[in-house]
Amino acid sequence: MFRVVVGLLFASHGLASLFGLFGGGAGGGAVPVGAWPGWYAAVIQLASGILVLLGLLTRPAAILASGSMAYAYFVVHQPDGLLPVENGGVSAALYAWTFLLIAAFGAGHFSLDALIGRRREPAAAAV
């Protein structure tokens, strides 16, 4: 459930920034297509959030999401103060570490990754 909830929350950030849903991105609307780094971050948020939610390609998606949040923390937030509570980077820091944890532990038993793995086991045993 942890992976599903985190993936859903992260994907909702991407939806807000890309399509202006849920009140829009940081400026209140959709980020202009191709705007650096906001639009690319939103694409990563939406795509990796959905992949983590489904448990498909979970480790690579979580590494990408973790890296994008680390970038957001150090480039956007950290110049405004040392600690996340000072610089408004609490969410970015939490997401970075959360996705690193998901990447380390994997998708779990109830995921598309696990389902695909179970379906491949009989084929591998027959060889």
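In this report, the structure presented in the accompanying data block is examined.

So, how was this worked out
- Residues numbered from 1 in each chain as written.
- Predicted model: local features only at pLDDT ≥ 70, side-chain atom pairs only at ≥ 80, totals over all residues.
- Heavy atoms only, no water.
- Patch = residues over 30% accessible without salt bridge, like charges linked within 9 Å, V, L, I, M, F, W, Y side chains within 5 Å.
- Areas by Shrake-Rupley, 256 points an atom, 1.4 Å probe, with all protein chains shown as cover.
- Salt bridge = Lys/Arg side-chain N within 4 Å of Asp/Glu carboxyl O.
- Helix = DSSP H or I, 4+ residues; strand = E, 2+ residues; numbered from the N terminus.
- Buried < 20%, exposed > 50% of the residue type's maximum accessible area, 1.4 Å probe, protein only.
- Phe/Tyr/Trp six-rings, centres within 6.5 Å; stacked < 30°, edge-to-face > 60°.
- Contact = heavy atoms within 4.5 Å.
- Axes fitted to C-alpha atoms, helices over the stretch in contact; angles between N-to-C directions.
- Left-handed = near helix turned anticlockwise from the far one by under 90°.
- Core = buried A, V, L, I, M, F, W, Y, C linked by side-chain atoms within 4.5 Å.

## Some remarks on a nonpolar patch on the surface
A cluster of nonpolar side chains, contributed by Trp 36, Tyr 40, Tyr 71, Phe 74, Val 75 and Val 76, occupies part of the molecular surface with about 660 Å² of accessible area. Per-element tally for the nonpolar patch: the top contributor is helix 3 (residues 58–77), with 4 residues. Owing to a relative accessible area of 44%, Val 75 belongs among the partly exposed residues under this scheme.

## Description of the packing of aromatic side chains
One pass over the full model with this rule turns up 7 aromatic pairs. Centroid distance Trp 36 to Tyr 40: 5.6 Å. Interplanar angle 55 degrees. Geometry classified as tilted. Overall, Trp 36 belongs to the exposed group, its relative accessible area being 64%. Connected via pairs of aromatic rings, a cluster forms that spans Trp 36, Trp 39, Tyr 40 and Tyr 71.

## Points about the environment of Gln 45
Following the sequence through the fold, Gln 45 ends up in helix 2 (residues 38–54). Distance from Gln 45 to Gln 78, taken between C-alpha atoms, is 20 Å for residues 33 residues apart in sequence. Leave out the neighbours within four places in its chain, and Gln 45 touches Phe 10, Ala 11, His 13, Gly 14, Ser 17 and Met 69.

## Details of the packing of helix 2 against helix 3
Put simply, helix 2 and helix 3 touch, their axes get as near as 9 Å, and they point 145 degrees apart. Relative to helix 3, the crossing made by helix 2 is left-handed. Each of Ile 44, Gln 45, Ser 48, Leu 51 and Val 52 in helix 2 lies in contact with helix 3, whose residues at this interface are Thr 58, Ala 61, Ala 62, Leu 64, Ala 65, Ser 68 and Met 69.

## Here we look at the nonpolar core
Of all hydrophobic cores here, the largest spans 16 residues; its most connected members are Phe 10, Val 52, Ala 62, Met 69, Tyr 95, Phe 99 and Ile 102. Within the residue set of this core, elements represented by two or more residues are helix 1 (2–19), helix 3 and helix 5 (90–105). Sort the elements by how many residues they give to this core and helix 5 lands first, with 7 residues. Once residues within four sequence positions are removed from consideration, Phe 10 is found in contact with Ile 44, Gln 45, Ser 48, Gly 49, Ala 65, Ser 68, Met 69, Tyr 95 and Phe 99.

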